[in-house]
Amino acid sequence: MEEQIIDYLHYLMIERGLSENTRSSYQRDLKKYLSFLKKKEISDWQAVDRYIILDFLQELKKEKLAATTITRMITSLRRFHQYLRQERYTDHDPMQHIDSPKKAQKLPDTLSLDEVEKLIETPDTSKLLGLRDRAILEVMYATGLRVSELIHLKLNDLHLKIGLLQTVGKGDKERIVPLGELAVTWIGRYLELARPVLTKKHPEEEHLFVNNHGTGLSRQGIWKNLKQVVQKAGIHKNVTPHTLRHSFATHLLENGADLRTVQELLGHADISTTQIYTHVTKKRMTDVYKEYFPRA
């Protein structure tokens, strides 16, 4: 049974072109699923039926896993069993009559414009790492990049003269993102004053943002630095790299951008993903109505 899971993960990489993070998520879910099946002494995918899957989902609930985790697991199992049937490892799909629970649409946490400015201006730019952190925050807010996209930015992804950068998002899809003047300015200062010193021992390093050893920053490094800056700024909210991404999208919409434009900038494959921000456009629509309709 492990062999089919390995084949499926190869299929996700080669034929579907899914990112390493997405594949790892599927791998974790299927590993947990397989462990449950082995406890039930099931050694053939053909033997899996709807009731076994319902037992598995019930066990996840007993573990008090979050509803979002269980929903993701159902998605993982649905796609995997479709693959098994497609490749004729089985002649049925036990997920066919398993319903996904309705996903509660949680509005993303955002920062106000004042909070964003306070956060961005907190790093001590008289120090090398402070200058780097200022440039990182400027880029995160100006572009709405995912943290995985940010840490993989290379020097040749920058086009500062025309105020653009290129990035590769989910599904290895490349997109071009505009940079604001402030982000361009602070990247320029970082490249001129901080990065050459930080990469002195690693002059061949291609990543844009580096740690104090002169090598590419990790996801954990970004999180850790951001947490310290948030604390120093005196912001009492749970701020993550994704909070800046949400703030970027929200502030665009509040200032009149349309959902399609925000979809392109965020690199969402489907407009339905971007529609979580419709609360912003509805609020703006109400504000505009009240301001301009004479009988409002």
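Residues numbered from 1 in each chain as written. Predicted model: local features only at pLDDT ≥ 70, side-chain atom pairs only at ≥ 80, totals over all residues. Heavy atoms only, no water.

## Some thoughts on the overall build of the protein chain
Condition: Comment: elements are numbered from the N terminus, with helices defined as DSSP H or I runs of at least four residues and strands as E runs of at least two. Throughout, exposure labels follow a simple rule: accessible area from a 1.4 Å probe, protein chains only, divided by the maximum for the residue type, with under 20% read as buried, over 50% as exposed, and the rest as partly exposed. Contacts are assigned to residue pairs that have any heavy atoms within 4.5 Å of one another. Only the protein chains shown count as cover for residues, and all accessible areas are computed by the Shrake-Rupley method using a 1.4 Å probe.
Looking only at helices and strands, one finds 13 helices and three strands in the protein chain. Out of the 296 residues belonging to the protein chain, those deemed buried represent 43%. Within the protein chain, contacts between residues at least 6 apart in sequence are counted, and of these 56% link residues at least 24 apart. Total accessible area on the protein chain stands at roughly 17700 Å², and carbon and sulfur atoms take up 50% of it.

## Section: the side chain of Arg146
Here is the rule: A 3.5 Å cut-off defines polar contacts: any pair of N or O atoms within that distance qualifies, except that in protein one atom must be a possible hydrogen donor and the other a possible acceptor, and neighbouring residues in sequence count only when both atoms are side-chain atoms.
Mapped onto the fold, Arg146 is located in the loop between α6 (128–143) and α7 (147–151). Side chain to side chain, Arg146 and Glu149 meet in a polar contact 2.5 Å long. A polar atom in the side chain of Arg146 sits 3.4 Å from the backbone oxygen of Gly267. Leaving out residues up to four positions away in the same chain, Arg146 has contacts with Gly169, Lys170, Arg175, Arg245, Leu266, Gly267 and His268.

## Some points on the sheet that holds strand β3 (residues 174–178)
Applied cut-off: By this definition, two strands are paired if DSSP reports at least two bridges between them.
Taken together, the three strands give an open sheet; going across it, the order is β1-β2-β3, and neighbouring strands pair in antiparallel fashion. The open sheet has two edge strands with one neighbour each: β1 (158–159) and β3. Sheet topology places β1 next to strand β2 (residues 164–168); two bridges connect them, and they run antiparallel. Bridge pairing in β2 links Leu158 to Leu165.

## Some remarks on the pattern of salt bridges
Side chains bearing opposite charge may pair, as long as their charged atoms lie close to each other. Here is the rule: By salt bridge we mean one thing: a side-chain nitrogen of Lys or Arg within 4 Å of a carboxyl oxygen of Asp or Glu.
Inspection of the entire model under this criterion finds nine salt bridges. Lys38 is the partner of Glu2 in a salt bridge, and the nearest nitrogen-oxygen pair spans 2.4 Å. Remark: Lys38 occurs in helix α2 (residues 20–39) and Glu2 occurs in helix α1 (residues 2–14); sequence separation between them is 36 residues. A relative accessible area of 45% means that Lys38 is categorised as partly exposed. Between Asp133 and Arg132 there is a salt bridge, with the nearest N and O atoms lying 2.8 Å from each other. When its relative accessible area of 13% is taken as the criterion, Asp133 is described as buried. By sharing partners, the salt bridges in this structure join Arg146, Glu149 and Arg175 into a single network.

## Remarks on the pairing of β2
Strand residues, when the strand is regular, have side chains that alternate between the two faces of the sheet. Linking β1 to β2, which pair antiparallel, is a turn of four residues; within it Gly163 sits at a positive phi near 65°. In textbook terms, the turn of a hairpin is the stretch between consecutive antiparallel strands, and for β2 and β3 this stretch comprises five residues, one of which, Gly171, has a positive phi near 70°.

## Concerning the pairing of β3
Residue alternation in β3 divides its side chains into a buried set, Arg175 and Val177, and an unburied set, Glu174, Ile176 and Pro178. As paired elements, β2 and β3 share five bridges and run antiparallel to each other. Residue pairing for β3: Leu165 is matched across the bridge by Val177.

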